[in-house]
Amino acid sequence: MINLQSDHVKKRIFSGIQPTGNLHLGNYLGAIKNWVNLQNHISSIFSIVDLHAITVPQEPLKLKSSTHEVTAAIIASGIDINKSILFNQSSVKEHSELAWILNCVCRIGWLNRMTQFKEKAGKHKENATVGLYGYPVLMASDILLYKSTHVPVGDDQKQHIELVRDIASSFNNMFTPQNEPDFFTLPEPQIIGEATRVMSLRDGTKKMSKSDPSDASRVNLTDTKEEISNKIKKAKTDPFPLPDTLDELKNRPEAYNLLSIYSSLSDQTLEKALTEFSGKGFSHFKPKLIELAVETLNPISCEMRNLLKNTNEIDKILKDGELKAREIAEPVLKDVKKLVGFVN
Ligand code: AQP
């Protein structure tokens, strides 16, 4: 009988965000806004996932400043460090250690199916790093290290969470002692809200992304009122008024995207937002969207600027989060090592 120390918690969420540049409206609506609500109801751990960031080349000084910026953005958006644990991933070494063990559980065939690797590696996949290929295994480690039960993410991460479940299940089959409950709970994705995949403002069929070379394709959390307004004014649309039904809306990617953003920002269903604007042109709709986007994002960017005046304080917040995260992570990794058969 193996004596295990780590507890099974009832419910816990883990989610992360990469410090790879300016956060945008997609990161906010697809992830952070939901985190802020969830932290009031469930034990919550959020990480600035810098180990994930280096799967593509990063300039060291820029990585450091992005880590500060993303931490500031998360706090400015409403994450309360007295309710949630907030830390940077590389400071908790257990993430890398568990990832190695899970690398020895995950099958190459499973990783070969991951569409994000294909998109990010593009045509030059022989030149992509092994880290980019193994990114989803590190993500499995992030989630399982805290025995998380739920993972709030944007729609783009759904396939990765399915893989995390496969890895957890395989680990359970390989290592959970007979007649014992499964060591890892299989985590559930939580894809919440009306804007689970915010699209580029320049192309309604492409995801809004930090790495899009066109800054006009996204609204950044640091954009000024004027920048937000200009980007939405210039956002691609079609020449028709907004339709009466959701079915018609779904065939018009740019209209669908802008209206989804509006409904998410105004905390109402897409259907309700559509009733407000059906039959109206974009010249009527866009100013309302601009007003709402500025009203939501401007206080966040002002608070971010404030927080960034004192990066020592941000470092302290991350250190405090690291200590709390390690309290949970250490016993889980110890148990994993016992189960695998390592001495000590
Ligand atoms: N466009 C989006 N719509 C909704 N949710 C989104 N997320 C990202 N883009 C959108 C969600 O934000 C969280 C953190 O994402 P990330 O920083 O880890 O990286 P990503 O998904 O790769 O985001 P980007 O902007 O596309 O970054 P780059 O360009 O660096 O690759 C996740 O929960 C994600 O679902």
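Scroll up to find the structure this text is about.
Residues numbered from 1 in each chain as written. Predicted model: local features only at pLDDT ≥ 70, side-chain atom pairs only at ≥ 80, totals over all residues. Heavy atoms only, no water.

Positionally, Leu 25 belongs in helix 1 (residues 25-38). Those residues in contact with Leu 25 that sit more than four places away from it in its chain are Gly 30, Val 198, Met 208, Val 219, Ile 261, Leu 265 and Leu 297. (Helix = DSSP H or I, 4+ residues; strand = E, 2+ residues; numbered from the N terminus. Contact = heavy atoms within 4.5 Å.)

The subject of this paragraph is the site of the ligand. Not every one of the 22 residues close to the ligand is listed here, only the nearest: Lys 120, Asp 156, Ser 209, Lys 210 and Ser 211. Within the side chain of Thr 20, one N or O atom sits 3.2 Å away from an oxygen atom of the ligand. Lys 207 has a polar side-chain atom sitting 2.9 Å from an oxygen atom of the ligand. Contact with the protein chains removes 96% of the 650 Å² of surface that the ligand exposes when unbound. Among the elements of the structure, strand 1 (12-17) and helix 1 are those that each provide at least two residues to the shell around the ligand. It is helix 1 that contributes the most residues to the shell around the ligand, four residues altogether. Its residues placed into classes, the shell around the ligand shows five nonpolar, 12 polar and five charged. (Near = heavy atom within 4 Å. Polar contact = N/O pair within 3.5 Å; in protein donor to acceptor, adjacent residues only side chain to side chain. Areas by Shrake-Rupley, 256 points an atom, 1.4 Å probe, with all protein chains shown as cover. Nonpolar A, V, L, I, M, F, W, Y, C, P; charged D, E, K, R; others polar.)

Attention now moves to the side chain of Ser 66. Position of Ser 66 among the secondary structure elements: in helix 3 (residues 60-76). Given the relative accessible area of 1%, Ser 66 is considered buried. Not counting residues within four places of it along the chain, the set of residues in contact with Ser 66 comprises Pro 19 and Gly 21. (Buried < 20%, exposed > 50% of the residue type's maximum accessible area, 1.4 Å probe, protein only.)

Spanning 18 residues, helix 8 (residues 158-175) covers 26 Å between terminal C-alpha atoms, matching the ideal 26 Å at 1.5 Å per step. All of the buried residues along helix 8 are His 160, Ile 161, Leu 163, Val 164, Ile 167, Ala 168, Ser 170, Phe 171 and Asn 172. (Expected span 1.5 Å × (residues − 1).)

Here the focus is the pattern of salt bridges. Applying the stated rule across the entire model yields 18 salt bridges. Across the salt bridge formed by Glu 254 and Lys 236, the nearest N and O atoms sit 3.5 Å from each other. With Glu 254 in helix 11 (residues 253-265) and Lys 236 in the loop between helix 9 (225-234) and helix 10 (246-250), the pair connects residues that are 18 residues apart, well separated along the chain. Relative accessible area serves as the criterion here: at 10%, Glu 254 is assigned to the buried category. The class for Lys 236 is partly exposed, based on a relative accessible area of 40%. Residues participating in the shared-partner salt-bridge network are Lys 93, Glu 94, Glu 97, Arg 326, Glu 330 and Lys 337. (Salt bridge = Lys/Arg side-chain N within 4 Å of Asp/Glu carboxyl O.)

That's the geometry; what it means functionally is another story.
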